[in-house]
Amino acid sequence: MTRWYDRLWAAFIFFTRLPLWRWHQPPQACYKTVVEHWPLTGWLTGGLMAATLWVGSQCLPYLVAVILAVAVRLLVTGALHEDGLADFLDGFGGGGHDRERILAIMKDSHIGTYGVLGLTFYELLLVAVLYSMPPTLAALTVLAATPYARMVTAQLIMMMPYARREEEAKNQTVYRKMQWPAAVSLAVQGLLPMVAYIWWTGTNWELLIFMPCLTMYLLYLLIWHQLRGYTGDCMGAVCLLVELTVYVVVCAQ
């Protein structure tokens, strides 16, 4: 039986590049539950990104502050999700309709044309939508969008099985299905910042809640059609695209 603080510690070790493992290394079984605390790690990574953006905007040109904020997130997360997005785009772009080929391409550590172009477009669009918002609104949106996107994306592990065998997983770990206490905790982690954001800013809550979920569902249909299951790369790609949807919705209002 793993302890709750071991599972939480494992999530921060897994989803960030902070050297937390130097102080404590949780049991390996705890890494099967990291998705259950994924939004909470987003409080940290999103908080650091938002702080960099807002503080930077007070003393630097705003565009520079936005780019620095994105760079801080990449450093703190080790570009974990961006790596997943690149592999996802390479696999689905170059694998055709061959399931095994898609999985093989995604597991390959080399980045291809689809990955390079997709990452470039994603980062440019991310900087553009954040730059289009006033600094305070942009920082608050990052604080809300980061945990919310992780909560929405976490539903994939409940909607379909893992696409590979456990021993073929990149990190040798397959996430466990969530029981109702973990699902409630996940919802609180992801929804609390978003509800506070909607109340504070008065943003159209229907679009802000619905559109990211629609993005997740459309990507789920694509992944299920091609792979009949998720991978870690799929999770990372969906997370970034769901988060980007939040920014685009706010930008469009």
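Look above for the structure.
Report follows, based on the coordinates. All values reported here derive from a predicted model rather than from experimental measurement.

### Some thoughts on the overall build of the chain
Helix and strand counts for the chain come out as 11 helices and 0 strands. Helices (α) and strands (β) of the chain occur, in sequence order from the N terminus, as α-α-α-α-α-α-α-α-α-α-α. The C-alpha atoms of the chain give 18 Å as radius of gyration, which agrees with the globular expectation for 253 residues (18 Å, within 12%). In terms of overall dimensions, the chain has C-alpha extents of about 50 × 45 × 35 Å along its principal axes. For the chain, the residues scored as buried account for 50% of the 253 residues in total. Taking contacts inside the chain between residues at least 6 apart in sequence as the whole, the part at least 24 apart equals 76%. In the structure as shown, the chain presents an accessible area of about 12100 Å², 70% of it carried by carbon and sulfur atoms. Of note, the chain has its 16 positive side-chain charges centred 6 Å away from the centre of its 16 negative side-chain charges.

### Overview of the environment of Pro 61
Here Pro 61 lies in the loop between α2 (38–59) and α3 (62–77). Between the C-alpha atom of Pro 61 and that of Ala 71, which follows or precedes it by 10 residues, the distance is 16 Å.

### Things to note about the nonpolar core
Most often, soluble globular proteins keep nonpolar side chains buried together rather than apart. In terms of nonpolar packing, the biggest core is built from 77 residues, with Leu 130 and Tyr 247 touching the most fellow members. Contacts of Leu 130, omitting those with residues within four sequence positions, involve Met 49, Leu 53, Tyr 62, Val 66, Ala 138, Val 142 and Tyr 247.

### Things to note about the packing of aromatic side chains
Going through the model one piece at a time under the given rule, you end up with 10 aromatic pairs. Ring centres of Phe 14 and Tyr 175 lie 6.3 Å apart, and the angle between their planes is 85 degrees; this geometry places the pair in the edge-to-face category. With a gap of 161 residues between them, Phe 14 in helix α1 (residues 4–15) and Tyr 175 in the loop between α8 (156–159) and α9 (180–201) connect regions that are remote in the sequence. Grouping residues by exposure puts Phe 14 and Tyr 175 together as buried. A centroid spacing of 5.4 Å and a plane angle of 70 degrees characterise the contact between Tyr 162 and Tyr 230, whose relative ring orientation is edge-to-face. Here Tyr 162 is found in the loop between α8 and α9, whereas its partner Tyr 230 is found in the loop between α10 (205–227) and α11 (232–252), with 68 residues between them in sequence. Accessibility classification places Tyr 162 together with Tyr 230 in one group, the buried group. Within the aromatic cluster, the residues linked to one another by ring pairs are Phe 14, Phe 15, Trp 38, Tyr 162, Tyr 175 and Tyr 230.

Conventions we followed
Residues numbered from 1 in each chain as written. Predicted model: local features only at pLDDT ≥ 70, side-chain atom pairs only at ≥ 80, totals over all residues. Heavy atoms only, no water. Helix = DSSP H or I, 4+ residues; strand = E, 2+ residues; numbered from the N terminus. Rg over C-alpha atoms; globule rule 2.2 N^0.38 Å. Buried < 20%, exposed > 50% of the residue type's maximum accessible area, 1.4 Å probe, protein only. Contact = heavy atoms within 4.5 Å. Areas by Shrake-Rupley, 256 points an atom, 1.4 Å probe, with all protein chains shown as cover. Lys, Arg positive; Asp, Glu negative; His and termini not counted. Charge placed at Lys NZ, Arg CZ, Asp CG, Glu CD. Core = buried A, V, L, I, M, F, W, Y, C linked by side-chain atoms within 4.5 Å. Phe/Tyr/Trp six-rings, centres within 6.5 Å; stacked < 30°, edge-to-face > 60°.

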